[in-house]
Amino acid sequence: MSKRTQVVIIGSGPSGLLLGQLLHKAGIDTIILEQKSKDYVLGRIRAGVLEQGAVALIEEAGAGERMRREGLPHDGTEICFGGVRHRIDFKGLTGKTVMVYGQTEVTHDLMDVREACGAPTVYEAEDVAIHDIATDNPRVTWTKDGRREEIACDFVAGCDGFHGVSRRTMPADILRTFERVYPFGWLGVLVDKPPVSEELIYVSHERGFALCSMRSHTRSRYYVQCNLDEKVEEWSDDRFWDELKSRLDTRAAAELQTGASIEKSIAPLRSFVAEPMRHGRLFLAGDAAHIVPPTGAKGLNLAASDVAYLSQALIEHYRNRSDAGLDAYSQRALARIWKAERFSWWMTQLLHNFPDSSGFDRKIQTAELEYLFSSKAAQTALAENYVGLPY
Ligand code: RFL
Ligand code: PHB
């Protein structure tokens, strides 16, 4: 293996893979170092909704062919409150749509194009460590099959998610973090049954939030808000379906097709931002720098906009010998991130049951939902954030 590359990418999630492909198209060499195995990465069930900006980037990366064929364009979504569904017409209100196509499939397609072009990925790279990032000669080391490896590079892209090593490599005295942890989680189930409705249904119910989503015409993804101390093993499929039905409107509860779950997991909900997203020659992108609660479907889409800014900046560096994009990266990315943080926080507090909320809080929540259903301006604000703010 060559002992030098242009950009070392840590993490083979959507951020790392997308960045790798966009740089490869521009003739920039990369290596991806991934802690887990390929099967492990492909087994993770996560996001399902892509903004047009993310769709365009995946296309640009040369990985859009199956998404074009199998992805489901959605013109709107429904919000159910008090047992009544209200539609938010994205297309009518903003002229834009979103694409329902699972993160697992995006990851799969990006891995396929990376393999086809022969760009290197090291899976099961243990103890990845970043050295000398504040100098012009950074290095990255890791262990593979018991052997310590090292590579020199021009830049390191930290695309290694919330628990990765990259953010922890930044000096504590330059990093500021902002966080909100929510007092509940989402219990998600994947099932090979047709979705209950053509569009997603976000449900606000006194028993807690629920979401009816999908991966295809034959595979559905459902979530219910749960307590943080609950364990997946305590949730049999029957218990899950009963709980979901109790939160749905009468028609959806009657039409819901249930079956044996093929995946079931609990995700905690958190808002988190680390600033700045650059130190020396290390750049953070995606969940390595920020987390949103899944309510606004923004996690994967923010990873895509970070990668758009970072890939442009790196290409500018190599093509035009200009560092203007690299110098502006953190500020540019954070300006968009904070707007998505705000939207995800707002959707979360609008639709969930907060265990410590007062009577006043619940009245305000109801007033906000009723205002949303009655106001085109409020619906437009939701729609333009959901379909994605411009890059
Ligand atoms: P990822 O997808 O976490 O990928 C990071 C990759 O880095 C690897 N890694 C390391 N590699 C080398 N050395 C180390 N020390 C490493 N540490 C970690 C990891 O194994 C992994 O492969 O981050 P990326 O690429 O920035 O992508 C971001 C998206 O994955 C994320 O925003 C969304 O999936 C968030 N998210 C959801 N977003 C939605 O919009 N809707 C959802 O329903 C939704 N569900 C979820 C989610 C995130 C979850 N996490 C992170 C716990 C459900 C879960 C469980
Ligand atoms: C999903 O399909 O997993 C999904 C969709 C919309 C969200 C969150 C998750 O807001």
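Everything that follows concerns the structure shown earlier in this document.
Notes on the structure follow. Everything numeric in this text was worked out from a predicted model, so none of it was measured.

1. Some words on the site of ligand 2
In the region of ligand 2, 14 residues are neighbours, and Tyr202, Ser213, Arg215, Tyr223 and Pro294 sit closest. One nitrogen or oxygen atom from the side chain of Tyr223 is found 2.6 Å from an oxygen atom belonging to ligand 2. Take Pro294: an N or O atom from its main chain is 2.8 Å from an oxygen atom of ligand 2. Relative to its unbound accessible surface of 280 Å², ligand 2 loses 97% to contact with the protein. For the shell around ligand 2, the class distribution of residues is eight nonpolar, three polar and three charged.

2. Examining the site of ligand 1
In the neighbourhood of ligand 1, 29 residues make up the surrounding shell, with Ser15, Glu34, Arg44, Gln103 and Asp287 lying closest. Side-chain polar atom of Tyr223 to an oxygen atom of ligand 1: 3.4 Å apart, as the coordinates give it. Of all the secondary-structure elements, those providing two or more residues to the shell around ligand 1 are helix 1 (14-25) and helix 10 (299-320). Among the residues forming the shell around ligand 1, the class breakdown is twelve nonpolar, ten polar and seven charged.

3. A word on the sheet that holds strand 9 (residues 126-131)
The strand order 9-10-11 describes an open sheet built from three strands, whose pairing is antiparallel. The strands lining the two open edges of the sheet, one partner per strand, are strand 9 and strand 11 (147-152). Strand-to-strand twist of the sheet, defined as the mean angle between neighbouring strand axes without regard to direction, takes the value 15°. Sheet topology note: the strand 10 (residues 139-144)/strand 11 ladder contains six bridges and is antiparallel. Bridging across to strand 11, Thr143 finds its partner in Arg148.

4. As for helix 13 (residues 376-386)
Among all positions of helix 13, only Ala378, Gln379, Leu382, Ala383, Asn385 and Tyr386 are buried. Within helix 13, the buried residues cover an arc of 170° as seen down the axis, which keeps them to one side. Residues of helix 13 that are exposed and angled more than 90 degrees away from the buried face: Lys376 and Ala377. In this structure Ser375 caps helix 13, since a side-chain oxygen of it lies 3.2 Å from the backbone nitrogen of Ala377. A positive backbone phi angle near 110° is found at Gly388, which sits one or two residues after helix 13.

5. Remarks on the sheet that holds strand 12 (residues 155-158)
Here six strands make up an open sheet; going across it, the order is 8-2-1-12-19-18 and the pairing mixed. Edge strands, defined here as strands with exactly one partner in the open sheet, are strand 8 (121-122) and strand 18 (278-279). Pairing of strand 12 with strand 19 (residues 282-284) involves three bridges; the strand directions are parallel. Within strand 19, the position partnered with Gly158 by the bridge is Leu284. Its contacts with the sheet place helix 10 against strand 1 (7-10), strand 12 and strand 19, and it is angled at close to 175° to strand 12.

6. Concerning the environment of Gly48
In this structure, Gly48 sits in the loop between helix 2 (38-43) and strand 3 (49-50). We classify Gly48 as buried; its relative accessible area is 10%. Separated by 51 residues in sequence, Gly48 and Met99 place their C-alpha atoms 8.4 Å apart. Look past the residues within four positions of Gly48 in its chain and what remains in contact with it is Met99, Val100, Tyr101, Gly102 and Arg215.

7. A look at the side chain of Thr97
Within the fold, Thr97 resides in the loop between helix 5 (90-94) and strand 7 (98-100). The exposure class of Thr97 is buried, given its relative accessible area of 15%. Reaching out from Thr97, the side chain makes a polar contact with the side chain of Gln52 at a distance of 3.4 Å. Residues contacting Thr97, with those up to four places away along its chain left out, are Gln52, His74, Asp75, Lys91 and Val387.

8. Considering the packing of aromatic side chains
Each aromatic ring pair is described using two quantities: the centre-to-centre distance and the angle formed by the ring planes. Counted by the stated rule, this structure contains 16 aromatic pairs. On the numbers, 6.3 Å between centres and 55° between planes, the contact of Tyr309 with Tyr391 is tilted. Here Tyr309 is found in helix 10, whereas its partner Tyr391 is found in the segment after helix 13, with 82 residues between them in sequence. Residue classification places Tyr309 among the buried positions, given a relative accessible area of 4%. A relative accessible area of 36% places Tyr391 in the partly exposed class. Taken together, the aromatic side chains of Phe90, Trp186, Tyr202, Phe209, Tyr223 and Tyr386 make up a single cluster linked through ring pairs. Its guanidinium or amino end placed over the ring of Tyr386, Lys298 lies 5.4 Å from that ring's centre, counting from NZ or CZ.

Definitions and cut-offs
Residues numbered from 1 in each chain as written. Chains lettered and ligands numbered in written order. Predicted model: local features only at pLDDT ≥ 70, side-chain atom pairs only at ≥ 80, totals over all residues. Heavy atoms only, no water. Near = heavy atom within 4 Å. Polar contact = N/O pair within 3.5 Å; in protein donor to acceptor, adjacent residues only side chain to side chain. Areas by Shrake-Rupley, 256 points an atom, 1.4 Å probe, with all protein chains shown as cover. Nonpolar A, V, L, I, M, F, W, Y, C, P; charged D, E, K, R; others polar. Helix = DSSP H or I, 4+ residues; strand = E, 2+ residues; numbered from the N terminus. Pairing = 2+ DSSP bridges. Axes fitted to C-alpha atoms, helices over the stretch in contact; angles between N-to-C directions. Buried < 20%, exposed > 50% of the residue type's maximum accessible area, 1.4 Å probe, protein only. Arc of directions from axis to C-beta. Contact = heavy atoms within 4.5 Å. Phe/Tyr/Trp six-rings, centres within 6.5 Å; stacked < 30°, edge-to-face > 60°. Lys NZ or Arg CZ within 6 Å of the ring centre and 35° of its normal.

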